[in-house]
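# What the coordinates show
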Amino acid sequence: QAMNVIKSGEGFKDILEAGISYIGEIKNIGIKIAAVGEFGKSKDIKREDLQAWEMGTNISHRGFVIGGSYGSWGKHNMLKANPILSGKTNYWTVGLGCAQGPFTASITHLQSKKMAPQITGENNSRHNTLRNTVLGVDYKIAPGLLSYVEFASFKMDEKSPNRQRDRKGNRGHIIITGIKLKF
């Protein structure tokens, strides 16, 4: 839900949320398609209104699934006074998964881009980017007992036309492993 990403206390009013989805099968190929949107008026007339949306799809066949999505948070909560000083936020995902018996594996990638406020004299190419790729493997040991391991690699950085203003990127790797017990 787009409201979860809003960090300002200003908020919105008259919010409309809507979504549509389709789940079906064509010649043993599973298809899922969904689109959601959230629109609202800013409580502060100096700020942009809420116009967030996302579309995604999954296609499955014989234990394999491929999917992806694209979304935009628009210019929500940015100042209207100077549109050059604000930018849009968008993201996309893509993933591939496989399930064969007690074994499942998946790999997913997320990339998001948020245009940063422009500094006087610069062009509009200043932006923050996040890239995150996750590889996960699960094995069902017994009913109610699942072992798993996940590896994530991420990179965040800010880019601007003036290289002296770039901040050092943040990057890293995370490994999570465990056993899930379900009663």
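The structure this text deals with has already been given above.
Here is what the cut-offs are and how they apply
Residues numbered from 1 in each chain as written. Predicted model: local features only at pLDDT ≥ 70, side-chain atom pairs only at ≥ 80, totals over all residues. Heavy atoms only, no water. Pairing = 2+ DSSP bridges. Helix = DSSP H or I, 4+ residues; strand = E, 2+ residues; numbered from the N terminus. Axes fitted to C-alpha atoms, helices over the stretch in contact; angles between N-to-C directions. Phe/Tyr/Trp six-rings, centres within 6.5 Å; stacked < 30°, edge-to-face > 60°. Buried < 20%, exposed > 50% of the residue type's maximum accessible area, 1.4 Å probe, protein only. Salt bridge = Lys/Arg side-chain N within 4 Å of Asp/Glu carboxyl O.

## Considering the sheet that holds strand β8 (residues 145–159)
- Pairing is antiparallel across the open sheet formed by nine strands, whose spatial order is β1-β2-β3-β4-β5-β6-β7-β8-β9. Edge positions in the sheet fall to β1 (12–26) and β9 (170–181), since each of these pairs with one other strand and no more. Pairs of neighbouring strands in the sheet enclose a mean axial angle of 10°, with direction left out of account.
- Across twelve bridges, the pairing between strand β5 (residues 89–100) and strand β6 (residues 103–115) is antiparallel. Bridging from a neighbouring strand, Y91 pairs with S112 of β6.

## Side note on the packing of aromatic side chains
- Applying the stated rule across the entire model yields two aromatic pairs.
- When the centroid spacing of 5.8 Å and the interplanar angle of 55° are considered together, the rings of W73 and Y91 count as tilted. Of this pair, W73 sits in strand β4 (residues 64–74) while Y91 sits in strand β5, and the two are 18 residues apart along the sequence.
- Assessed through its relative accessible area of 26%, W73 is described here as partly exposed.

## Remarks on unusual backbone geometry
- You will see that K27, though not glycine, has its phi angle at about 50°, which is positive.
- When you line up the elements, K27 lands in the loop between β1 and β2 (29–42).
- With a relative accessible area of 77%, K27 lands in the exposed category.

## Quick word on the pattern of salt bridges
- What the rule picks out here adds up to three salt bridges.
- D44 is paired through a salt bridge with R47; the nearest N and O atoms lie 3.7 Å apart.
- Ionic pairing is found between D157 and R131, a salt bridge with its closest N-O pair at 4.0 Å. Remark: R131 occurs in strand β7 (residues 127–142) and D157 occurs in strand β8; sequence separation between them is 26 residues.
- For D157, a relative accessible area of 13% translates into the label buried.
- The partly exposed category is assigned to R131, whose relative accessible area is 27%.
- One salt-bridge network, held together by shared partners, links R131, K155 and D157.

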